[in-house]
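# Working through the structure, step by step
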Amino acid sequence: MWQAISHQLSEILDRPFKIREHQLIEAGDINQCYCISDGDERFFVKLNDRELLPIFETEAESLRMLAESDSIDVPKFIHMGVSRDKSFLILNYLPTKLIDDKSAFVLGKELANLHLWGEQAEYGFDLDNYIGLTPQPNKWRRKWCRFFAEQRIAWQLQLCEEKGIKFGNIDTITGNVIELLVQHQPKPSLLHGDLWHGNSALSVNGPIIFDPAAYWGDRECDIAMTELFNGFPDSFYEGYASVWPLDAGYEERRDLYNLYHVLNHCNLFGGDYLLQAEHIISKLGLTD
């Protein structure tokens, strides 16, 4: 595996790259992550099973789109490939630390500028991608209420039912989600898509976000997720509001948007997330 990475990096860099150091990095539960170095240059490498290469392919496209906005810092894509039994994604390596209040304010401003960027007319993405290990459909839709109801909530509910987890009639819940959002037609914004605090950090160049599941949607989805697991200081929201204040009614939509991520965690991990999903569905009256 390391030999394959060395060989492929040498071709990409157009110079010999022999790995002299590979250090395991704690970076989530899905991939094995390493910092590799030839003594002169370092890279960040994600490893997984060979058949999971499509996850890296869609992550690379998400990173490309976010970088194209030139509004917020993301890791630079270097290369992806496969060895005999592994797939890998190679990014530039930047030492990071936790975001502080000052850098959180900057990150909030940059996220608002990302959400303002672009003139997309519909909601979706050019390809389906993944939220964690879960496939995330992104077929283009003109109406936000239908995109979110059908490709976010109904999709996750169907995955739950396939595992024997049922929260109610899917058609009823989907129809009620549409009803809650039918009057809400926001500007399609390019979203990070999985913006909890563990997917942001402070680098030597300023705040950075990573591990995206990008698509064009309601900017409030990103903001809602930052509140789901907490971790972002007040200065982050102050920075965001200084560029683009949130619309009236955000607080009423926040739980609905976070239901998507709670259902996904229910699918991936079960446990207390099932109870949390039941609570949100009951609170919003989605089964009535």
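Note that residues are indexed from 1 along each chain, following the sequence as it is written. Given that this is a predicted model, residues contribute local features only at a pLDDT of at least 70 and side-chain atom pairs are listed and counted only at 80 or more, while totals for whole chains, interfaces and linings are drawn from all residues. In computing side-chain properties, one takes all heavy atoms of the structure into account and sets aside hydrogens as well as water.

### A word on unusual backbone geometry
Note: most residues except glycine have negative phi, and most peptide bonds are trans. The test is simple: Per the convention used, a helix needs a DSSP run of H or I reaching at least four residues, while a strand needs a run of E reaching at least two, with both numbered from the N terminus.
With a phi close to 60 degrees, D14 is a non-glycine residue in the positive phi region. On the secondary structure map, D14 appears in the loop between α1 (2–13) and β1 (21–25). One non-glycine residue with positive phi stands out, namely N230, at about 55 degrees. Considering the arrangement of structural elements, one finds N230 in the loop between α6 (220–228) and α7 (234–243).

### Some words on the packing of aromatic side chains
Put simply, the rule reads: Pairing of aromatic side chains here covers Phe, Tyr and the six-membered ring of Trp, requires ring centres within 6.5 Å, and sorts the geometry by plane angle: under 30 degrees stacked, over 60 edge-to-face, intermediate tilted. The rule is short: NZ of Lys or CZ of Arg within 6 Å of the ring centre and within 35 degrees of the ring normal puts a charge over the ring.
Under the criterion given, the structure shown has 13 aromatic pairs. An aromatic cluster is defined as three or more aromatic residues linked by ring pairs; in this entry it consists of Y123, W144, F147, F148, Y215 and Y257. Lying over the aromatic face of W244, R219 brings its terminal NZ or CZ to 3.6 Å of the ring centre.

### Quick look at the pairing of β1
Where a strand is regular, its side chains alternate between the two sheet faces. What counts, and what does not: Strands are treated as partners if at least two bridges between them are detected by DSSP.
Across five bridges, β1 lies against strand β2 (residues 32–37) in antiparallel orientation. Residue Q23 lies in a different strand from β2, and its bridge partner there is C35. Between β1 and β2, which pair antiparallel in sequence order, lie six residues; one of them, G28, sits at a positive phi of approximately 100 degrees.

### Considerations on the domain arrangement of the protein
The cut-off we apply is this: Domain start and stop points were drawn from an automatic or database domain assignment. Contacts are assigned to residue pairs with any non-hydrogen atoms lying within 4.5 Å of each other. Accessible-area loss on putting two parts together, using a 1.4 Å probe and summing over both, is the definition of buried area adopted here. One speaks of a salt bridge when a side-chain nitrogen belonging to Lys or Arg is within 4 Å of a carboxyl oxygen belonging to Asp or Glu. A 3.5 Å cut-off defines polar contacts: any pair of N or O atoms within that distance qualifies, except that in protein one atom must be a possible hydrogen donor and the other a possible acceptor, and neighbouring residues in sequence count only when both atoms are side-chain atoms.
Domain annotation of the protein identifies domain 1 (17–93) and domain 2 (97–284). Here domain 1 and domain 2 have C-alpha centroids that lie 24 Å from each other. Taken together, the contact between domain 1 and domain 2 spans 19 residues of the former and 26 residues of the latter. Summed over both partners, the interface of domain 1 with domain 2 buries about 1,900 Å², with 74% contributed by carbon and sulfur atoms. Our enumeration of links across domain 1 and domain 2 arrives at one salt bridge. Residue K46 pairs with D211 through a salt bridge whose shortest N-O separation is 2.4 Å. On the surface where domain 1 and domain 2 come into contact, there are three residue pairs in polar contact (both at pLDDT 80 or more). Examining the composition of the side of domain 1 that touches domain 2, we find that ten residues originate from one element, helix α2 (residues 53–68), more than from any other.

### Topic: a negative patch on the surface
Quick note on the threshold: Candidate patch residues must exceed 30% relative accessible area and have no salt bridge, after which like charges are joined if within 9 Å and Val, Leu, Ile, Met, Phe, Trp or Tyr side chains if within 5 Å. What sets the accessible areas is the Shrake-Rupley method with a 1.4 Å probe; for residues, cover comes only from the shown protein chains. Asp and Glu are treated as the negative residues and Lys and Arg as the positive ones, with His and the ends of the chain left uncounted. Throughout, a charge is located at the NZ atom of Lys, the CZ atom of Arg, the CG atom of Asp or the CD atom of Glu.
Taken together, the side chains of D100, D101, D234 and E238 make up a negatively charged region of the molecular surface. Along the chain, the position of D101 falls in helix α3 (residues 101–116).

### Regarding the packing of α6 against α7
Put simply, the test is: Angles run from 0 to 180 degrees between N-to-C directions of axes, and those axes are lines fitted to C-alpha atoms, restricted for helices to the stretch in contact. In what follows, roughly perpendicular refers to angles from 65 to 115 degrees, roughly parallel to angles under 35, roughly antiparallel to angles over 145, and oblique to any angle outside these ranges.
Interhelical geometry of α6 versus α7 gives an angle of 170 degrees and a closest axis separation of 12 Å. It follows from the interaxial angle that α6 and α7 lie roughly antiparallel. Contacts between α6 and α7 involve I223, T226 and E227 from the first element and F236, Y237 and Y240 from the second.

### Side note on the sheet that holds strand β4 (residues 77–82)
Across a sheet, strands are paired by hydrogen bonds formed along the backbone, either parallel or antiparallel in direction. What the five strands build is an open sheet, ordered β1-β2-β3-β5-β4; its pairing is antiparallel. Looking at the sheet topology across the chains shown, the edges are occupied by β1 and β4. Across the sheet, the mean angle separating the axes of adjacent strands is 25 degrees when strand polarity is ignored. Its contacts with the sheet place α1 against β1, β2, β3 (42–49), β4 and β5 (86–92), and it is angled at close to 135 degrees to β4. In the packing of α2 onto the sheet, contacts are made with β3, β4 and β5, and the angle to β5 comes to roughly 20 degrees.

### Quick word on the nonpolar core
The nonpolar side chains of soluble globular proteins are, as a tendency, buried together. What counts here: Only buried residues count toward a nonpolar core, which is a set of Ala, Val, Leu, Ile, Met, Phe, Trp, Tyr and Cys residues joined through side-chain atoms within 4.5 Å. The cut-offs for exposure are 20% and 50% of the maximum accessible area for each residue type, with area from a 1.4 Å probe on protein chains only; residues under the lower value are buried, those over the upper are exposed, and the others partly exposed.
Ranked by internal contacts, the top residues of the largest apolar core, which has 64 residues, are W144, F148, I153, F167 and V177. The element that contributes the greatest number of residues to this core is helix α4 (residues 144–162), accounting for nine residues. No fewer than three residues from each of domain 1 (17–93) and domain 2 (97–284) sit in this core. Dropping the residues within four chain positions of it, I153 is found in contact with F148, I173, V177, L256, L259, Y260 and L263. F17, I78, F88 and I90 belong to the second-largest nonpolar core, a separate cluster that totals 13 residues.

### Here's the deal with the environment of D247
Considering the arrangement of structural elements, one finds D247 in the loop between α7 and α8 (250–269). On the accessibility criterion, D247 (36% relative accessible area) is partly exposed. Sequence-wise, D247 and E220 are 27 residues apart; in three dimensions their C-alpha atoms are separated by 8.7 Å. The contacts of D247, once residues within four sequence positions are left out, are H184, R219, E220 and R253.

### Description of the pattern of salt bridges
One pass over the full model with this rule turns up 15 salt bridges. With a shortest N-O distance of 3.9 Å, D49 and K86 are connected by a salt bridge. With D49 in strand β3 and K86 in strand β5, the pair connects residues that are 37 residues apart, well separated along the chain. Several salt bridges share partner residues, and in doing so they unite R15, D38 and E41 into one network.

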